[in-house]
Amino acid sequence: MTIALEIKNLHASIGEQPILKGINLLIKQGEIHALMGPNGSGKSTLAYTLAGHPAYDPTAGQVIYDGQDLLEMEPDERSRAGLFLAFQYPAAVPGVTLAKFLRQTINSRRQAENPEDSGISIPAFRRLLKEKMDMLGIDHKFAGRYLNEGFSGGEKKRVEILQMATVEPKIAIMDETDSGLDIDALRVVSEGAMRLYREMNMGMLVITHYQRILNYIQPDYIHIMLDGRIVESGGPDLALKLEEEGYDWLREKYGITETA
Amino acid sequence: MTNFTKEAVKQLSAYLNEPEWMLALRLEAFDVYESLPMPTPQLEDWRRTDLRRLKLDDFGPSVNGDAGADATIPDYLGKQLTTDEAGGNMLQVDGVVKALTLSDGLKAQGVIFCDMHTAVAQYPDLVQKHFMTEGVRIDEGKFAALHGAFWRGGTFLYVPKNVKAAAPLHSVLWVENGKTFTHTLVIVEESAEVIFMDEYASANGQQAGIHNGVIELLVRDNASLIYAGLQDFGANMWQFNHERGRVGRDGKLDWVTSMMGTRLTKAFQTMELDRPGAWGRMSGIFFTNGRQHLDLDTQQNHNAEDTTSDLLYKGALKDKSRTVWQGMIKALPGSQRIDGFQANRNLMLDKTARADSIPGLEIEADDVRCTHASAIGKLDPEELFYLMSRGIPRKTAVEMSVQGFFDPLMRRIPFEGVRERIFGRIVEKLG
Ligand SMILES: Nc1ncnc2c1ncn2[C@@H]1O[C@H](COP(=O)(O)OP(=O)(O)OP(=O)(O)O)[C@@H](O)[C@H]1O
Ligand SMILES: [Mg+2]
């Protein structure tokens, strides 16, 4: 059975400030969508609102995930239901090692199914971790480091995708995973994401500024966000047009003056 | 019930069959005890800890420890719940030895590991020379004197010159009768090395109880001691401790303190860096909840040039609990090129809790580097959201975050099994 994430007329504010002004988007499992748009247009706000960050207040509209009202769910429930967000700026969690954290993400899923579950065995977890780390070209010594503490920009992005590979989501949002990655890492990480896409029939929303990642993760649809709205949707050629022409033609078309 | 009287001192000493010199020490201590008034908040050291509710006479000394005869010690303590190999294990109940093992390897090395009373009887020269002479002195305060007069139980650990102890040692001191006066004396002779974990615990009793302990850690030239003192008493206990470590030339003392229990704790912990090249690190881990009151006085005394001290005390506070950390770095005149650091970080889990953090420097040398830091923080909502966004429920996310707060210090505790147990206690106290 395929799952869908359906966003209907979603408005969201940060504090008193309205940022999202009526987003409509339907993402089904197995589909790849790209979301582009100038700095400050609200892409990350959409991602955070979907993930349930407490500072982002959905003021109107609806989000249906797998037939459920997503906005009513706690962030952890959303994750366990199969929604994943790879953060643009992942937080550091000092004192909690990457290994301990990943193990808990697995165990929390198992224990939500069965409260008696004693969790994944250490050897099984080690095998799994090694396999996923190798797939993404992550040095094993990261397992013992505190999560994201002192990680370089690119290392954080790889580790986001490692988390994605560990929890195997049904729908994943990747918020500028490409920024900060070097050219080789971008390929390795994109291939890792594509493998999950194939194995899990994952649905993806890839937020990016650049065409490059879309050479590896080829989108079926491209959406352009401007000032809290998706103003244009189209096929892969839309990204190429942006690459060449920038956003001015859209701003003109929709009468929006540059803010950022 | 026996009270804290001179007669009781004699009774205790006679019951323990002690030599003349120990009785003399006890009696001298008793005189000091009687001559000193009960500390009041008028004293600078006691400004933040009020003892008005303390009824010392309700306790009295622990003479025969019989209450412990058929005590049920929690399984985890009996088994010591550790996968790491300890070369020596001792279990005491109310100061009476219930179990003691020491590996052949350590015995062959000449390591002495036994309860304090056995040490008095079997190694009188060693004990007489070092017992409350250069570590903690009987005249340091009312409770040091009380301890000197009525001490009962505790651990003696002696590592001879040049011996690198083949395995760590582990003591568990369980309290059943609600009054315990343990004495820990560790002597690490020149160029010797050892790891010792010293645990204190009791169940949550109904009646008020007392722990009046002394810890003396003597680290000679070029010697090394890793000492972890872990306290997990019931919330019925009052605790008054005097603890001192001394470090000789190029010696190392790595001193970890974990405090989870008691109703009220007042502890004086002092590190003396006596000779050039001495290094000392003090790590504190504490978690208070309910109406617990924890007052820690630390001192890092740089008594010689080229000495290094590093203190980090971390506390998490819940409910209406209160903690006080008052730290002092002292440098004697002539203690040049010293490096002293102290930091206290508190994690406030409830608005109703209160943490006082009072760093201090008394530096009489000029070529020194001494710094201090204190910080009060709350759980980071971004961190919690990040954990939750990966499917971890809020309660677990909070637990992980609090554990993470302590983790860098926790890693300094020698046994994995014990670390896990303390983490478990923290989770339990988080509720
Ligand atoms: N905590 C906040 N308080 C106030 N305004 C905020 C806050 N966070 C974000 N904003 C504003 O919301 C708007 C949208 O930000 P958002 O991060 O969603 O943009 P974005 O499209 O992801 O940009 P970028 O491409 O630079 O990542 C911006 O104008 C930003 O300044
Ligand atoms: Mg963004």
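Residues numbered from 1 in each chain as written. Chains lettered and ligands numbered in written order. Predicted model: local features only at pLDDT ≥ 70, side-chain atom pairs only at ≥ 80, totals over all residues. Heavy atoms only, no water.

## Concerning the coordination of the magnesium ion (ligand 2)
Residues and elements named next belong to chain A. The protein atoms that coordinate the magnesium ion (ligand 2) are Ser44 (OG) and Gln88 (OE1), at distances spanning 2.0 to 2.1 Å. With a gap of 44 residues between them, serine 44 in helix H1 (residues 43-51) and glutamine 88 in the loop between strand E6 (83-86) and strand E7 (93-97) connect regions that are remote in the sequence. Looking at glutamine 88, the relative accessible area reads 14%, which means it is buried. (Donors = N, O, S within 2.8 Å, 3.2 Å for Na, K, Ca; no water. Helix = DSSP H or I, 4+ residues; strand = E, 2+ residues; numbered from the N terminus. Buried < 20%, exposed > 50% of the residue type's maximum accessible area, 1.4 Å probe, protein only.)

## What about the site of ligand 1?
Residues and elements named next belong to chain A. Taken together, 13 residues lie near ligand 1, and Gly40, Lys43, Ser44, Thr45 and His209 sit nearest. Here an oxygen atom of ligand 1 sits 3.2 Å away from a polar atom, N or O, in the main chain of serine 41. Here an oxygen atom of ligand 1 and a side-chain polar atom of glutamine 88 are 3.1 Å apart. Burial of ligand 1 by the surrounding chains reaches 59%, relative to a free accessible area of 640 Å². Looking at the shell around ligand 1, its residues break down into three nonpolar, eight polar and two charged. (Near = heavy atom within 4 Å. Polar contact = N/O pair within 3.5 Å; in protein donor to acceptor, adjacent residues only side chain to side chain. Areas by Shrake-Rupley, 256 points an atom, 1.4 Å probe, with all protein chains shown as cover. Nonpolar A, V, L, I, M, F, W, Y, C, P; charged D, E, K, R; others polar.)

## Things to note about the sheet that holds strand E5 (residues 169-175) of chain B
All names here are of chain B. In space, the 10 strands of this open sheet follow the order E2-E1-E5-E8-E10-E12-E14-E16-E18-E20, with mixed pairing throughout. The sheet terminates laterally at strand E2 (96-102) and strand E20 (368-377), the two strands that pair on one side only. With strand direction ignored, the average angle separating the axes of adjacent strands in the sheet is 5 degrees. Pairing of strand E12 (residues 252-259) with strand E14 (residues 279-288) involves eight bridges; the strand directions are parallel. Each residue of the ladder has a partner; that of tryptophan 255, found in E14, is methionine 282. Contacts between helix H10 (residues 416-430) and the sheet are confined to E5, strand E8 (193-202), strand E10 (224-232), E12 and E14, with E14 contributing the most and set at about 35 degrees to the helix. (Pairing = 2+ DSSP bridges. Axes fitted to C-alpha atoms, helices over the stretch in contact; angles between N-to-C directions. Contact = heavy atoms within 4.5 Å.)

## Some remarks on the layout of surface pockets
In this structure, the largest pocket spans a volume of roughly 970 Å³. Surrounding the largest pocket, 28 residues form its lining, A:Thr97, A:Lys100, A:Arg103, B:Glu416 and B:Glu420 being those nearest its centre. For the lining of the largest pocket, the secondary structure elements donating two or more residues are E7, helix H3 (98-113) and helix H4 (122-135) of chain A together with helix H9 (394-410) and H10 of chain B. A per-class count over the lining of the largest pocket returns 10 nonpolar, eight polar and 10 charged. By volume, the second largest pocket is sized at about 560 Å³. Taken together, 30 residues form the lining of the second largest pocket, with B:Asp45, B:Trp46, B:Glu140, B:Phe268 and B:Asp297 sitting closest to its centre. Tallied by class, the residues present in the lining of the second largest pocket amount to 11 nonpolar, 10 polar and nine charged. (1 Å grid on protein atoms, 1.4 Å probe; cavity = no way out; pocket = protein on both sides within 12 Å on 5 of 7 lines; lining within 4 Å. Points joined across faces, edges and corners; volume = space filled by probe spheres on them.)

## A closer look at the interface of chain A and chain B
With 34 residues of chain A at the interface, the matching set in chain B holds 20 residues. For the interface between chain A and chain B, the tally reads one salt bridge. The partner of A:Glu160 in a salt bridge is B:Arg390, and the shortest N-O contact between them spans 2.6 Å. Every element with two or more residues in the side of chain A that touches chain B is listed here: H1, helix H2 (75-80), E6, E7, H3, strand E8 (146-147) and helix H5 (153-167) of chain A. (Salt bridge = Lys/Arg side-chain N within 4 Å of Asp/Glu carboxyl O.)

## Things to note about the nonpolar core
With 121 residues, the main nonpolar core has A:Leu5 and B:Ile426 as its most contacted residues. When residues are assigned to domains, this core turns out to be shared by domain 1 (6-275) and domain 2 (381-431) of chain B, each giving three or more. Those residues within four positions of A:Leu5 in sequence are excluded, and the remaining contacts are A:Leu25, A:Leu26, A:Ile27, A:Leu50, A:Val63, A:Ile64, A:Tyr65, A:Leu70, A:Leu83 and A:Ile171. Judged by nonpolar contacts, the second largest core, of 50 residues, contains B:Phe4, B:Leu185, B:Ile187 and B:Ile210. (Core = buried A, V, L, I, M, F, W, Y, C linked by side-chain atoms within 4.5 Å. Domains from an automatic or database assignment.)

## Remarks on helix H1 (residues 6-15) of chain B
Residue and element names in this part refer to chain B. Those residues of H1 that fall on the buried side of the exposure criterion are Ala8, Val9, Leu12 and Ser13. Down the axis of H1, the smallest arc covering the buried residues is 130 degrees, so these residues share one side. Structurally, H1 contributes buried residues whose contacts are with helix H2 (20-35) and helix H7 (142-150). Once H1 ends, the next one or two residues include asparagine 17, with phi positive near 60 degrees. (Arc of directions from axis to C-beta.)

## What to know about the packing of aromatic side chains
Counting across every chain of the model gives 22 aromatic pairs over all chains. Residues A:Phe87 and B:Tyr386 carry aromatic rings whose centres are separated by 5.3 Å and whose planes lie at 40 degrees to one another, so their mutual orientation is tilted. Here A:Phe87, found in the loop between E6 and E7, pairs with B:Tyr386, found in helix H8 (residues 381-388), and the two come from separate chains. Here A:Phe87 and B:Tyr386 have matching classes, each one buried. Centre to centre, the rings of B:Phe30 and B:Phe150 are 6.1 Å apart; their planes meet at 85 degrees, and the pair counts as edge-to-face. Of this pair, B:Phe30 sits in helix H2 while B:Phe150 sits in helix H7; the two residues are 120 residues apart in sequence, bridging distant segments of the chain. For the pair B:Phe30 and B:Phe150, a shared accessibility class is recorded, and that class is buried. An aromatic cluster is defined as three or more aromatic residues linked by ring pairs; in this entry it consists of A:Tyr48, A:Tyr56, A:Phe87, A:Phe101, B:Phe385 and B:Tyr386. (Phe/Tyr/Trp six-rings, centres within 6.5 Å; stacked < 30°, edge-to-face > 60°.)

## Re empty space enclosed by the protein
Residue and element names in this part refer to chain B. Inspection of every chain in the model, using the stated rule, returns five cavities of 30 Å³ or more. Surrounding the second largest cavity, 14 residues form its lining, Tyr200, Ile215, Gly229, Glu243 and Met259 being those nearest its centre. Elements represented by at least two residues in the lining of the second largest cavity include exactly E10, strand E11 (237-247) and E12. Considering only residue class, the lining of the second largest cavity consists of six nonpolar, seven polar and one charged.

## Considerations on the pairing of E6(A)
Residues and elements named next belong to chain A. Residue alternation in E6 divides its side chains into two sets, Leu83 and Leu85 and Phe84 and Ala86, and both sets are buried. Across four bridges, the pairing between E6 and strand E9 (residues 171-175) is parallel. Each bridged residue has a counterpart across the sheet, and for leucine 83 the counterpart in E9 is isoleucine 171.

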